[in-house]
Amino acid sequence: MIDPGSIKTWFGAIALILTFVAFYPYFRGVLGGAVRPHVFSWLIWAFGTVTVFVAQLSDGAGIGAWPIGVSGLITLCVAILAYLKKGDTTIVRMDWVFLLLAMSALPLWLLTETALSAVLILTFVDLLGFGPSVRKAYHAPYDENALFFALGALRNGFVIAALENYSWTTVLFPAAVGLACLFFVGLLIYRRSKIAPIASQKQD
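Residues numbered from 1 in each chain as written. Predicted model: local features only at pLDDT ≥ 70, side-chain atom pairs only at ≥ 80, totals over all residues. Heavy atoms only, no water.

Asks: How do you make sense of a nonpolar patch on the surface when you look at a structure like this?
Replies: A cluster of nonpolar residues, Leu 43, Leu 76, Ile 80, Tyr 83 and Leu 84, forms a patch on the protein surface that exposes about 490 Å² of accessible area. Looking at the nonpolar patch, the element that brings in the most residues is helix 3 (residues 66-84), giving four residues. Structurally, Leu 43 is set in helix 2 (residues 39-58). (Patch = residues over 30% accessible without salt bridge, like charges linked within 9 Å, V, L, I, M, F, W, Y side chains within 5 Å. Areas by Shrake-Rupley, 256 points an atom, 1.4 Å probe, with all protein chains shown as cover. Salt bridge = Lys/Arg side-chain N within 4 Å of Asp/Glu carboxyl O. Helix = DSSP H or I, 4+ residues; strand = E, 2+ residues; numbered from the N terminus.)

Asks: So what exactly am I meant to see when it comes to the confidence of the model for the chain here?
Replies: Do not read the predicted coordinates in detail wherever pLDDT is low. Overall, the prediction assigns the chain a mean pLDDT of 83, with 91% of residues at 70 or greater. When pLDDT is averaged over each helix and strand of the chain, the minimum, 76, is found for helix 4 (residues 93-103) and the maximum, 91, for helix 7 (residues 146-162). Considering only residues more than four positions removed or in separate chains, one finds that residues 199-204, a stretch of pLDDT under 50, has zero contacts. (pLDDT = per-residue confidence, 0-100. Contact = heavy atoms within 4.5 Å.)

Asks: Before we go on, may I ask you to explain the environment of Leu 76 in this structure?
Replies: When you line up the elements, Leu 76 lands in helix 3. Judged by its relative accessible area of 36%, Leu 76 is partly exposed. For Leu 76 and Pro 25, which are 51 residues apart along the polypeptide, the C-alpha to C-alpha distance reads 16 Å. (Buried < 20%, exposed > 50% of the residue type's maximum accessible area, 1.4 Å probe, protein only.)

Asks: How do you make sense of the side chain of Thr 19 when you look at a structure like this?
Replies: Along the polypeptide, Thr 19 turns up in helix 1 (residues 4-32). Judged by relative accessible area, which is 1%, Thr 19 ranks as buried. If we ignore the near neighbours within four places in the chain, the residues touching Thr 19 are Pro 67, Val 70, Ser 71, Ile 74 and Arg 155.

Asks: Looking at this structure, how should I read the environment of Phe 23?
Replies: Looking at the element boundaries, Phe 23 is found in helix 1. As a C-alpha pair, Phe 23 and Ala 118 span 95 residues in sequence and 26 Å in three-dimensional space. Excluding residues within four positions of it along the chain, Phe 23 makes contact with Trp 42, Ser 71, Ile 74, Thr 75, Val 78 and Phe 148.

Next comes the structure, spelled out in structure tokens:
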């Protein structure tokens with residue numbers, strides 16, 4: 001008989017491996033100047049992901065939460081690297097709104113004493129955090145790595161499979177972010193298909 005616990009462990013391990021596999025070429029792209037991530041998006045994602053990791057642990061997510069925690073730390077490294085490598089630092093008023101909303105999650109958690117309240121607002125903010133990157137990707141789709149976000153969607157699928165307790169607190173964030181990653185990949189593919197013919201016409 002197959003031990004469900006061992007299956008969860010394998011799913012969690014696969015999610016962790018996919019996390020590193022996804023981030024490795026992204027880091028190389030940032031260091032090489034081929035990828036210019038939006039600093040504010042990654043800062044918002046880092047803060048939210050780490051907080052969701054803590055919320056998931058508090059609700060018994062178990063091994064399924066660890067890929068989220070590792071991802072949060074790596075995401076923070078991307079934000080720092082993007083700043084140091086002079087990535088996209090264009091900041092508009094709405095970017096500050098996203099950051100303030102993310103920072104409001106912890107006080108809300110303390111006030112309501114419910115981890116789900118923090119996860120709800122951070123999932124919402126994380127999706128809003130795609131805003132600056134979506135805006136940039138629409139105009140400069142080749143500045144982002146589509147494979148990274150595709151692997152991110154796949155990774156979140158394994159994260160959900162590895163969860164030891166299923167609840168809104170543990171499932172909402174990886175499910176929503178996974179779907180957002182798929183949307184982002186679709187946007188990059190669509191915009192590249194539109195820009196490539198225009199670029200070739202200019203060369204002619």
